[in-house]
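Residues per chain are reported as follows:
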Amino acid sequence: MYKDTFFEWDEEKEETNISKHGISFLEAREAFSDPKRIILKDIKHSKNEVRMYCIGLIRTKIVMVGFVKRKRRIRIFGAGAWRQAKSLYDKKNKT
């Protein structure tokens with residue numbers, strides 16, 4: 001699904017994300033490679049374009065990655081490990 005997709009992000013936003021959540025956007029890309037990932041639409045914050053979330057495994061932790069899809073590009077705008085995302089992932093994948 002995301003094999004031929006290019007990832008992009010704002011470097012300043014990435015630095016802020018690393019400071020707040022300890023996850024780089026380079027790392028966050030790994031969640032899209034998880035065969036058990038969950039993709040959700042963010043209906044609460046989608047205004048001008050559709051915002052989405054990818055919940056997937058990065059090494060040993062479940063993370064939620066916020067992104068928008070623009071043609072063959074995914075623009076990451078946030079990533080973090082939240083209990084709610086892990087709970088949803090575990091429930092869907094029965095882990």
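Described in the following lines is the structure provided in the data block. From a predicted model like this one, the values you see are computed outputs, not experimental measurements.

1. Considerations on the overall build of the protein
- The helix and strand inventory of the protein stands at 3 helices and 5 strands.
- Start at the N end of the protein and walk to the C end: the helices and strands fall as β-α-α-β-β-β-β-α.
- In terms of its C-alpha atoms, the protein occupies a principal-axis envelope of roughly 35 × 30 × 25 Å.
- When each of the 95 residues of the protein is scored for burial, the buried share is 38%.

2. Structural notes on the pattern of salt bridges
- Summed over the entire model, instances satisfying the criterion amount to 6 salt bridges.
- For Arg 75, the salt bridge identified is with Glu 8, shortest N-O distance 3.8 Å. Of this pair, Arg 75 sits in strand S5 (residues 73-80) while Glu 8 sits in strand S1 (residues 6-9), and the two are 67 residues apart along the sequence.
- For Arg 75, a relative accessible area of 26% corresponds to the partly exposed category.
- Each of Glu 8, Arg 73 and Arg 75 takes part in one network of salt bridges that share partners.

3. Some remarks on unusual backbone geometry
- Residue Arg 59 is not a glycine yet carries a positive backbone phi of 50°.
- Secondary-structure assignment places Arg 59 in the loop between strand S3 (51-58) and strand S4 (61-70).
- Located in the positive-phi region is Lys 71, a residue other than glycine, with phi close to 55°.
- By the element assignment, Lys 71 lies in the loop between S4 and S5.
- In this structure Lys 71 comes out as exposed when scored by relative accessible area, which is 78%.

4. Some details on the packing of aromatic side chains
- Counted under the stated rule, the structure contains 3 aromatic pairs.
- Between Trp 9 and Phe 25, the aromatic rings sit 6.2 Å apart at their centres with planes inclined by 80°, giving edge-to-face as the arrangement. With Trp 9 in strand S1 and Phe 25 in helix H2 (residues 25-28), the pair connects residues that are 16 residues apart, well separated along the chain.
- Each residue in the set Phe 7, Phe 32 and Phe 67 is aromatic and connected to the rest through ring pairs, giving one cluster.

5. With respect to helix H3 (residues 83-93)
- Among the residues making up H3, those that are buried are Ala 85, Tyr 89 and Asn 93. Taken down its axis, H3 places every buried residue within 50° of arc, on the same side. In this structure, H3 carries Arg 83, Gln 84 and Lys 91 as exposed residues pointing more than 90 degrees from its buried face.
- With its phi angle positive at about 50°, Lys 94 sits one or two positions after the end of H3.

Calculation notes
- Residues numbered from 1 in each chain as written.
- Predicted model: local features only at pLDDT ≥ 70, side-chain atom pairs only at ≥ 80, totals over all residues.
- Heavy atoms only, no water.
- Helix = DSSP H or I, 4+ residues; strand = E, 2+ residues; numbered from the N terminus.
- Buried < 20%, exposed > 50% of the residue type's maximum accessible area, 1.4 Å probe, protein only.
- Salt bridge = Lys/Arg side-chain N within 4 Å of Asp/Glu carboxyl O.
- Phe/Tyr/Trp six-rings, centres within 6.5 Å; stacked < 30°, edge-to-face > 60°.
- Arc of directions from axis to C-beta.

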